[in-house]
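Spelled out from the first residue to the last, the chains are:
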Amino acid sequence: MVARVIPVDPFDLVIFGGTGDLARRKILPALCRRFADGQMPEGSRIIGAARAALDTDGFRQMIRKALDEFLGEDAPDADSQSRFVDALSYVKVDAASDDGWADLRGALREDVVRAFYFSVGPSLFGPIAAQLGAFNLVTPETRIVVEKPFGHDLETARALNQTLAAHFDETQIYRIDHYLGKETVQNLMAVRFANILFEPLWNSRFVDHVQITVAESVGVGGRGPYYDKSGAMRDMVQNHLMQLLCLIAMEPPHCFEPDAVRDEKLKVINALDPVSAGEAVRGQYTAGPNSASYLTEVETPDSLTESYVALKVGISNWRWKGTPFYLRTGKRLRSRSSEIAITFRDPPHSIFGEGAPWRANVLVIRLQPDEGMTLRVMIKEPGPGGMRLKDVALDMSFADALGEDMHIPDAYERLIMDVIRGNQTLFMRGDEVEAAWAWTDPIIDGWRKAADKPSEYDPFSSGPEDALMLMHRDGRKWREIR
Ligand code: BG6
């Protein structure tokens, strides 16, 4: 299936941190694919900006290597890759001083869309924004793209929003949550709002509970220094899981426009019941035969940071009161598997008698891998012997349904082009980010005050025992992480 290409005008894109890990691993490979698909018109410029003493040739060589390493199996052909690399240039810029900023201004055009991608550590967001202002680099057609983490808590997020607001209008700020760029995450909105089938049942009258799982099999690896200051709550729940929860729980927006969608998401976050630190389960993985423990990986033997979180979340509004949402995420779990499972209530009365085996209908939306949807329904088991019931899966893999050559684009491909097109629908608004921190902060704060150790869990397991208890107490069970 060939991707539908929406034309854009030539643009200038500056990547601060252009020599860094994210740029080489994700941003430039994503741009290369869009280029190969014909979506970067002739005359567009991609400028790497960083402190490294490189020239354009050196930068191009570096990115050529990165493309070899990170484009993966269905890489664009060699000719497209070469032409893409030829469109790159480099300017040496120091965010913390005046060095290079005038050169950068000289490299940009006045009359085209100008995007600045802040692919740098959060401590540089403020200084870069200030220099862009000071060197008159902000035109009406300027956009900035800010990577996560967007703040460390409510206070820092608010301060960052204020710093950015001093130089940019909210319509110019694109806060990335790459989960929103995933095809299957966008599909949640398609499933809900492009079908009549589910929406009438999508409320506490018919939904017993919802499970949202984002499991990873990798450990924290080389990201220890960052991760140990964040933990799973800040790294995953405050942003990615919160966004998934919003897309499942929000009211239908009146149209698919940025503020219509974001207003509805914000209402969900504001309706979340507070969760106390004691009710939130957190865990840390131990060592296995071939894998190091969390504490060894982060090189902090007494760290209390969580690599796993499980939560039961209530939503106090008319639609969801009485339907708990169970969220869990962690590293070094059994497999990389993310899904949302909506378990429906039992029918009010069984005409088949008391003894009939009963399984609730479940709609499972698999986000990754093996993207697809399954609906578990009850049918009659074939054959004589009375009315015997059985639960079976109506199973759809998107790859099968949409054709084998379906290319599921990386989240960054979609998101970067949305920045160029000026579409903020899949980006977080400032008030949304602050509301998410306002909800997670008290939990993290409670953990810090209690200063007790997270529960241990075996590597490649489904998480700590207390997480099982969180469900068992309610007479429910987590779905297996396969
Ligand atoms: C990032 C987190 O935002 O998302 C990482 O910082 C995590 O810790 C990653 O591994 C997961 O993303 P994906 O796309 O692999 O599910």
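Every chain's residues receive numbers from 1 upward, in the order its sequence appears when written. In keeping with the predicted nature of the model, local features appear solely for residues at pLDDT of at least 70, side-chain atom pairs appear and are counted solely at 80 or more, and the whole-chain, interface and lining totals rest on all residues. To obtain the side-chain values, all non-hydrogen atoms of the structure were used and water was disregarded.

So, the environment of Met-428
Then step 1. Counting from the N terminus, the helices are the DSSP runs of H or I reaching at least four residues and the strands are the DSSP runs of E reaching at least two. Here Met-428 shows up in the loop between α12 (411–421) and α13 (430–450).
Then step 2. Separated by 75 residues in the primary sequence, Met-428 and Gly-353 have C-alpha atoms spaced 50 Å apart.
Then step 3. Apart from residues lying up to four places away in sequence, Met-428 is in contact with Arg-175, Ile-176, Asp-177, Leu-180, Gln-243, Arg-262 and Val-433. It only takes one pair of heavy atoms within 4.5 Å for two residues to be counted as in contact.

Quick word on the packing of helix α2 (residues 56–70) against helix α3 (residues 78–86)
Then step 1. For the pair α2 and α3, the least separation of the axes is 10 Å and the interaxial angle reads 145°. In this structure, α2 meets α3 at a crossing whose hand is right-handed. Touching Arg-60, Arg-64, Leu-67 and Asp-68 of α2 are Gln-81, Ser-82, Phe-84, Val-85 and Asp-86, all from α3.
Then step 2. Along the lines of polarity and charge, the residues of the contact of α2 with α3 split into three nonpolar, two polar and four charged. Axis lines are fitted through C-alpha atoms, for helices just across the contact stretch, and the angle between N-to-C directions can take any value from 0 to 180 degrees. Should the near helix be turned counterclockwise from the far one by less than a right angle, the crossing is left-handed, whereas a clockwise turn marks it as right-handed. Following the grouping adopted for this structure description, the nonpolar residues are Ala, Val, Leu, Ile, Met, Phe, Trp, Tyr, Cys and Pro, the charged ones are Asp, Glu, Lys and Arg, and the polar ones are all others, Gly among them.

Section: the packing of aromatic side chains
When we look at a pair of aromatic rings, we describe it by the centre distance and by the angle of the planes.
Then step 1. The rule is short: rings of Phe, Tyr and Trp, with Trp giving its six-membered ring, pair when the centres are within 6.5 Å, and they are stacked under 30 degrees, edge-to-face over 60, tilted in between. Tallied over the full model, the rule gives 15 aromatic pairs.
Then step 2. Here the aromatic rings of Tyr-227 and Tyr-294 are separated by 6.1 Å at their centres, their planes lie at 65°, and the arrangement is edge-to-face. Residue Tyr-227 is located in helix α8 (residues 224–249), and its partner Tyr-294 is located in helix α10 (residues 294–297); the two are separated by 67 residues in the primary sequence. Across the pair, exposure class does not vary: Tyr-227 and Tyr-294 are buried alike.
Then step 3. Aromatic side chains Tyr-285 and Tyr-294 sit 5.7 Å apart centroid to centroid with 90° between the ring planes, which places their arrangement in the edge-to-face category. Only protein chains enter the accessibility calculation, which uses a 1.4 Å probe. A residue is then buried if its area is under 20% of the maximum for its type, exposed if over 50%, and partly exposed in between.

Quick look at the side chain of Ser-204
Then step 1. Summarising the element assignment, Ser-204 is placed in the loop between α7 (183–193) and β7 (207–215).
Then step 2. Beyond its immediate stretch of four places on either side in the chain, Ser-204 contacts Trp-318, Arg-319, Trp-320, Lys-321, Thr-323 and Arg-345.

A look at α3
Then step 1. Taken together, the buried positions of α3 are occupied by Ser-80, Gln-81, Phe-84 and Val-85. When α3 is viewed along its axis, its buried side chains cluster within an angular range of 135° and face the same direction.
Then step 2. Where α3 is buried, its residues contact α1 (21–36), β2 (45–50), α2 and β3 (88–92).
Then step 3. Pairs of N or O atoms are called polar contacts if they sit within 3.5 Å, as long as, within protein, a hydrogen donor faces a hydrogen acceptor (for residues adjacent in sequence, only side-chain-to-side-chain pairs). Where α3 begins, the capping side chain belongs to Asp-77, and its oxygen is found 3.1 Å from the backbone nitrogen of Asp-79. Throughout, the arc means that of the directions going from the helix axis to the C-beta atoms.

A closer look at the sheet that holds strand β1 (residues 11–16)
Then step 1. Judged by pairing direction, the sheet is parallel, and its six strands sit side by side in the order β3-β2-β1-β4-β5-β6 without closing on themselves. One side of each edge strand has no neighbouring strand; the edge strands of this open sheet are β3 and β6 (173–175). Each adjacent strand pair in this sheet contributes to an overall mean axis angle of 20°, direction not counted.
Then step 2. Relative to β3, β2 runs parallel, the two sharing five bridges. When the bridges of β3 are listed, Gly-48 appears paired with Tyr-90. The pairing criterion for strands is at least two bridges between them, as found by DSSP.

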